Amino acid sequence: MLMRTDPFRDIDRVFEQLTGTATRPAVMHVDAERDGDWFNVYFDLPGVNPDSIELTVERNVLQVKAQRQRQSKNGVETVISERPMGVFSRQLFLADTLDTDKLEASYDNGVLELRIPVSEKAKPRKISIGSGNSGRKQIKG
């Protein structure tokens, strides 16, 4: 049997649950990395139903909202309830160098993964240098 050993944990848990409401969403944890011509962003959303995840991009602002609800069972007494429930939200400001029209999203094992390609105009490119006197100025040293 599980025993409660920290009476103050209940106060902390209530506070955490209150911060995850529709009007005051809780923050979700995120990692981001660049892999060549892609940015990968990972959001921790364990136990979230994929249908509750909302992903929007407006003017280079990426917003992720998700909701996790406790499943109540008839005749079952809750002894410990520490897992955060409610609404989770996160906004990221994306650079103009990312191509948000080609953003890819997947959800697996409680992690929402976004892949955002670097736009073609932001990628490094080589510029050819002409030679000869055909209408070009020569640089004198």
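Above this text is the structure in question.
As a starting point, this report considers the structure included with it. (Residues numbered from 1 in each chain as written. Predicted model: local features only at pLDDT ≥ 70, side-chain atom pairs only at ≥ 80, totals over all residues. Heavy atoms only, no water.)

### Examining the packing of aromatic side chains
Now for step 1: Applying the stated criterion across every chain, the model contains 0 aromatic pairs.
Now for step 2: Geometry around Trp 38 places Arg 115 over its ring, the cationic atom sitting 4.1 Å from the centre. (Phe/Tyr/Trp six-rings, centres within 6.5 Å; stacked < 30°, edge-to-face > 60°. Lys NZ or Arg CZ within 6 Å of the ring centre and 35° of its normal.)

### Brief notes about the sheet that holds strand S6 (residues 86-93)
Now for step 1: One open sheet holds the 4 strands; their spatial order is S1-S6-S5-S4, and the pairing between them is mixed. Both outer strands of the open sheet, strand S1 (26-27) and strand S4 (54-58), are each paired with one neighbouring strand and no more.
Now for step 2: Across 5 bridges, S4 lies against strand S5 (residues 61-68) in antiparallel orientation. Looking at the pairing, Leu 55 lines up with Val 64 of S5. (Pairing = 2+ DSSP bridges. Helix = DSSP H or I, 4+ residues; strand = E, 2+ residues; numbered from the N terminus.)

### Brief notes about the layout of surface pockets
Now for step 1: By volume, the largest pocket amounts to about 320 Å³.
Now for step 2: Along its surface, the largest pocket is lined by 14 residues, and Arg 70, Gln 71, Lys 73, Thr 78 and Arg 83 are the ones closest to its centre. (1 Å grid on protein atoms, 1.4 Å probe; cavity = no way out; pocket = protein on both sides within 12 Å on 5 of 7 lines; lining within 4 Å. Points joined across faces, edges and corners; volume = space filled by probe spheres on them.)

### Structural notes on a negative patch on the surface
Now for step 1: A cluster of acidic residues, Asp 31, Glu 33, Asp 35 and Asp 44, forms a negative patch on the protein surface.
Now for step 2: If one sorts the elements of the negative patch by residue count, strand S2 (residues 30-35) sits on top with 3 residues.
Now for step 3: With respect to the helices and strands, Asp 31 occurs in strand S2. (Patch = residues over 30% accessible without salt bridge, like charges linked within 9 Å, V, L, I, M, F, W, Y side chains within 5 Å. Areas by Shrake-Rupley, 256 points an atom, 1.4 Å probe, with all protein chains shown as cover. Salt bridge = Lys/Arg side-chain N within 4 Å of Asp/Glu carboxyl O. Lys, Arg positive; Asp, Glu negative; His and termini not counted. Charge placed at Lys NZ, Arg CZ, Asp CG, Glu CD.)

### Notes on the side chain of Asn 40
Now for step 1: Relative to the assigned elements, Asn 40 resides in strand S3 (residues 38-44).
Now for step 2: Take Asn 40: its relative accessible area is 4%, and that puts it in the buried class.
Now for step 3: A polar contact of 3.4 Å, which involves the side chain of Asn 40, links it to the side chain of Arg 115.
Now for step 4: Discounting residues that sit within four places of it in the chain, Asn 40 has contacts with Asp 31, Ala 32, Glu 33, Asp 35, Leu 114 and Arg 115. (Buried < 20%, exposed > 50% of the residue type's maximum accessible area, 1.4 Å probe, protein only. Polar contact = N/O pair within 3.5 Å; in protein donor to acceptor, adjacent residues only side chain to side chain. Contact = heavy atoms within 4.5 Å.)

### What to know about the pattern of salt bridges
Now for step 1: Scanning the model with the defined rule gives 2 salt bridges in all.
Now for step 2: A salt bridge links Glu 104 to Arg 115, with the shortest nitrogen-to-oxygen separation between them at 3.5 Å. Taken together, the positions of Glu 104 in strand S7 (residues 104-108) and Arg 115 in strand S8 (residues 111-117) put the pair 11 residues apart, joining distant regions of the chain.
Now for step 3: Using a relative accessible area of 25% as the deciding quantity, one classes Arg 115 as partly exposed.

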